[in-house]
Amino acid sequence: MAARIYQRPKSAMQSGKARIDEWVLEFEQSEARQADPLMGWTGSGDTQAQVVLSFESKDAAKAYAEKHGIAARVHATPPKSLKLQAYADNFR
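Rules used in this analysis
- Residues numbered from 1 in each chain as written.
- Predicted model: local features only at pLDDT ≥ 70, side-chain atom pairs only at ≥ 80, totals over all residues.
- Heavy atoms only, no water.
- Pairing = 2+ DSSP bridges.
- Helix = DSSP H or I, 4+ residues; strand = E, 2+ residues; numbered from the N terminus.
- Axes fitted to C-alpha atoms, helices over the stretch in contact; angles between N-to-C directions.
- Buried < 20%, exposed > 50% of the residue type's maximum accessible area, 1.4 Å probe, protein only.
- Core = buried A, V, L, I, M, F, W, Y, C linked by side-chain atoms within 4.5 Å.
- Phe/Tyr/Trp six-rings, centres within 6.5 Å; stacked < 30°, edge-to-face > 60°.
- Salt bridge = Lys/Arg side-chain N within 4 Å of Asp/Glu carboxyl O.

1. Brief notes about the sheet that holds strand β2 (residues 23-27)
The strand order across the open sheet formed by 4 strands is β5-β2-β1-β6, and the pairing between neighbours is mixed. Each of the sheet's edge strands pairs with one partner strand only, and the pair in question is β5 (52-55) and β6 (71-74). Across the sheet, the mean angle separating the axes of adjacent strands is 25 degrees when strand polarity is ignored. In terms of strand pairing, strand β1 (residues 2-7) meets β2 through 5 bridges, oriented antiparallel.

Listed below in structure tokens is the structure:
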């Protein structure tokens, strides 16, 4: 059972900073997805891929993984860079 731990990113529709400080433990798929012959939907019999756990900190997520014997990889959060410019820069 393998998992990955990462910090939740902002969605494209989100302008605020709600829930971006949460850390997520998400299990990786253990089997490939297959197309359903009747409906055409994709799915698999792997129920662990549906499990997503949220934690307050990276250390709490790592401690949970170690306690339950889950091989987890931590993905580092990329640094945030802001491009500060004035409205007047649009007319130069």
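2. Overview of the pairing of β2
As a general feature of sheets, a regular strand has side chains that alternate between the two faces. For β2, the tally of buried residues reaches 5 of 5 residues, placing the bulk of the element in the interior. Strand direction decides the pairing type here: β2 and β5, joined by 4 bridges, are antiparallel. Among the inter-strand pairings, Val24 is bridged to a residue of β5, identified as Ser54.

3. Brief notes about the nonpolar core
The biggest cluster of nonpolar side chains holds 9 residues, and these are Ala3, Ile5, Trp23, Leu25, Phe27, Phe55, Ala61, Ala65 and Ile70. Looking at this core element by element, the count peaks at 3 residues for β2.

4. Here's the deal with the packing of aromatic side chains
Given two aromatic rings, one states the distance between the centres and the angle between the planes to describe the pair. Counted under the stated rule, the structure contains 2 aromatic pairs. Residues Phe55 and Tyr64 carry aromatic rings whose centres are separated by 5.4 Å and whose planes lie at 45 degrees to one another, so their mutual orientation is tilted. A relative accessible area of 15% places Phe55 in the buried class. Ring centres of Tyr87 and Phe91 lie 5.4 Å apart, and the angle between their planes is 75 degrees; on these two criteria the pair is classed as edge-to-face. Taken individually, Tyr87 and Phe91 each receive the classification exposed, so the pair is uniform in this respect.

5. Here's the deal with the pattern of salt bridges
Overall, the coordinates contain 5 salt bridges when judged by the stated rule. A salt bridge links Glu22 to Arg19; its shortest N-O distance comes to 3.6 Å. The partly exposed category is assigned to Arg19, whose relative accessible area is 48%. Taking the shortest distance from any N to any O, the salt bridge between Asp89 and Arg92 comes out at 3.4 Å.

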